[in-house]
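# Descriptive analysis of the structure
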Amino acid sequence: MTIIIECVMFWTLLSAASTDTRILYDSLCITDEGGYAGYGCHCGGDGIWGAAYDLQYADDFELQDMDFITNVTADFVSHRGLCASRACLSFHAPDDDCLANNDAIIQLDIGQGGINCEPFEDSEYGLEGVRVRISLVDPVALPAGRWYVSMQPADSEDWSYIVATLNEPNCGAHLCGGNFRDGGGWNTCCEGMGGYGYDVWTRSILFEEPTAAMRIEGIPGGDCGGSEDVSAKCKPGDGGRPGKIIVKVRKGQPNGTVTALLDPPDPRSMSIALDDRGRGKGKFRDVPLGEHRVFVCDSIVEVTCAP
């Protein structure tokens, strides 16, 4: 009997084990190595040019597994070094060899609360270097494969160029490299004129494709098949003390594992083991009273903890 109890306790602990954010792709060393170029990538710029522009740059990265994308970082050089009041962020599937699909699978308009900026010294242009990090309140679930991401600072009082290089960087993996275009009707996050003369994604006319300085961070999503039935409920503690949120999964991959996130953009996470019928559950403990959100695969569940 003792052995059975110990096994059950071990299985419970295993199913609720924490899963940390990890770096999925990183080429930010491009900025430190120098010798980079700047490609127009901004929404707005009225205060610099006297007119609003919409120029996009996208670069690709590869996922080995299904992941929740939680943070996207890219390096820019700008005229005034401002931290943008908004940012446009979009994810695209590959359409052809080294082209992004013109229609984004998801397009986000990020407010200032989700944007963090750090200055760096621009060694190439004498402009203002800004490392822009976007933390996603709604993590983007992407299956394994190759993807393109486009990030545009959006601000009328500045203008930005994303840092990119034609050299093989000493960090990250050189994949296809970047695409660029005028946002036009494709980019619902921004209104502005073109500038490249291309209304669809276009590759560089050079023999090599420039690789952007960017970092993608995420949390493994587990064995998601798209048919999961997810529920969550809160059991509050006595006397206003923290409670626990119980997450249940049905119709998952038999004998698989899925990840549950609690309250992005800085989520707690746990791995939930599924049995041979695709069912499993896990618990987030010490959850304060109030409104919470649980993410599992492509499901988002709103949970209220109230006394």
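Residues numbered from 1 in each chain as written. Predicted model: local features only at pLDDT ≥ 70, side-chain atom pairs only at ≥ 80, totals over all residues. Heavy atoms only, no water.

### Concerning the nonpolar core
Phe61, Ile69, Leu89 and Phe91 are the most contacted members of the largest nonpolar core, which totals 32 residues. Examining the composition of this core, we find that six residues originate from one element, strand β11 (residues 128–142), more than from any other. With residues up to four places along the chain from it excluded, the contact list for Leu89 reads Val72, Ile106, Gln107, Leu108, Ile110, Ile134, Leu136, Val149, Ser150 and Met151. Membership of the second largest hydrophobic core comes to 19 residues, among which are Met270, Val296, Val303 and Cys305. (Core = buried A, V, L, I, M, F, W, Y, C linked by side-chain atoms within 4.5 Å. Buried < 20%, exposed > 50% of the residue type's maximum accessible area, 1.4 Å probe, protein only. Helix = DSSP H or I, 4+ residues; strand = E, 2+ residues; numbered from the N terminus. Contact = heavy atoms within 4.5 Å.)

### Quick look at the pattern of salt bridges
Side chains that differ in charge, positive against negative, can pair when their charged atoms come close. All told, the structure shown has 10 salt bridges when counted by the stated rule. Note that Arg146 and Asp60 form a salt bridge whose closest N and O atoms lie 3.3 Å from each other. Here Asp60 lies in strand β4 (residues 53–63) and Arg146 lies in strand β12 (residues 145–155), a separation of 86 residues in the sequence. In this structure, Arg131 and Asp75 form a salt bridge, with 2.7 Å as the shortest nitrogen-oxygen distance. Of this pair, Arg131 sits in strand β11 while Asp75 sits in strand β5 (residues 67–78), and the two are 56 residues apart along the sequence. For Arg131, a relative accessible area of 22% translates into the label partly exposed. (Salt bridge = Lys/Arg side-chain N within 4 Å of Asp/Glu carboxyl O.)

### Side note on the environment of Gly194
Structurally, Gly194 can be placed in the loop between β14 (179–182) and β15 (202–203). Taking the relative accessible area as the measure of exposure, Gly194 reaches 31% and is therefore partly exposed. Between the C-alpha atom of Gly194 and that of Gln152, which follows or precedes it by 42 residues, the distance is 14 Å. With sequence-adjacent residues up to four places away left out, Gly194 is seen in contact with Tyr53, Leu55 and Asp182.

### A few points about the layout of surface pockets
Considered as a void within the structure, the second largest pocket measures approximately 160 Å³ in volume. Taken together, 13 residues form the lining of the second largest pocket, with Pro139, Val140, Ala141, Asp298 and Ile300 sitting closest to its centre. Within the residue set of the lining of the second largest pocket, elements represented by two or more residues are β11 and β24 (299–305). (1 Å grid on protein atoms, 1.4 Å probe; cavity = no way out; pocket = protein on both sides within 12 Å on 5 of 7 lines; lining within 4 Å. Points joined across faces, edges and corners; volume = space filled by probe spheres on them.)

### What about the state of the cysteines?
Two cysteines, two sulfur atoms, one covalent bond between them: this is a disulfide. Following the criterion strictly, the structure yields seven disulfides and no others. Across the disulfide from Cys29 sits Cys171; the S-S distance is 2.1 Å. An S-S torsion of about -95 degrees defines the bridge between Cys29 and Cys171 as left-handed. On the criterion of sequence distance, the pair formed by Cys29 in helix α2 (residues 29–33) and Cys171 in the loop between β13 (160–165) and β14 is long-range, its members being 142 residues apart. We note that Cys29, like Cys171, is buried. A disulfide bridge connects Cys224 with Cys297, and the sulfur atoms are separated by 2.0 Å. The S-S bond linking Cys224 to Cys297 shows a torsion near -80 degrees; that makes this disulfide left-handed. Note that Cys224 is positioned in the loop between β17 (214–220) and β18 (229–235) and Cys297 in the loop between β23 (290–296) and β24, a separation of 73 residues in sequence. (Disulfide = S-S within 2.5 Å.)

### Considering the packing of aromatic side chains
Within a pair of aromatic rings, the relevant descriptors are the distance that separates the centres and the angle that separates the planes. Across all of its chains, the model carries six aromatic pairs by this definition. Seen from their ring centres, Trp49 and Trp159 are 6.4 Å apart, and the 75 degrees between their planes marks the pair as edge-to-face. In this pair, Trp49 is assigned in helix α3 (residues 46–49) and Trp159 in the loop between β12 and β13, connecting sequence segments 110 residues apart. The class of Trp49 is partly exposed, set by a relative accessible area of 43%. According to the relative accessible area criterion, Trp159 is buried, its value standing at 3%. (Phe/Tyr/Trp six-rings, centres within 6.5 Å; stacked < 30°, edge-to-face > 60°.)

### Details of empty space enclosed by the protein
Under the defined criterion, the tally for this structure stands at two cavities of 30 Å³ or more. Forming the boundary of the largest cavity are 14 residues, of which Leu82, Cys83, Ala84, Pro153 and Ser160 lie nearest the centre. Looking at the lining of the largest cavity, the elements with two or more residues in it are β5, β10 (115–121), β11 and β12. A breakdown of the residues in the lining of the largest cavity according to their chemical character gives nine nonpolar, three polar and two charged. (Nonpolar A, V, L, I, M, F, W, Y, C, P; charged D, E, K, R; others polar.)

### Observations regarding the sheet that holds strand β20 (residues 257–262)
The four strands lie next to each other as β21-β20-β23-β24, forming an open sheet whose pairing is antiparallel. Across the chains shown, the open sheet's two edge strands, defined by having one partner strand only, are β21 (268–273) and β24. Pairs of neighbouring strands in the sheet enclose a mean axial angle of 25 degrees, with direction left out of account. In terms of strand pairing, β20 meets β21 through six bridges, oriented antiparallel. Bridge pairing in β21 links Thr257 to Ala273. (Pairing = 2+ DSSP bridges. Axes fitted to C-alpha atoms, helices over the stretch in contact; angles between N-to-C directions.)

### Observations regarding the environment of Asp109
Tracing the chain through its elements places Asp109 in strand β9 (residues 106–111). Taking the C-alpha atoms as reference points, Asp109 and Ser90, 19 residues apart in sequence, are found 8.8 Å from one another. Ignoring any residue separated from it by four or fewer positions in sequence, one finds Asp109 in contact with Arg86, Ala87 and Cys189. Here the side chain of Asp109 touches Arg86 through a polar contact of 3.0 Å, side chain to side chain. (Polar contact = N/O pair within 3.5 Å; in protein donor to acceptor, adjacent residues only side chain to side chain.)

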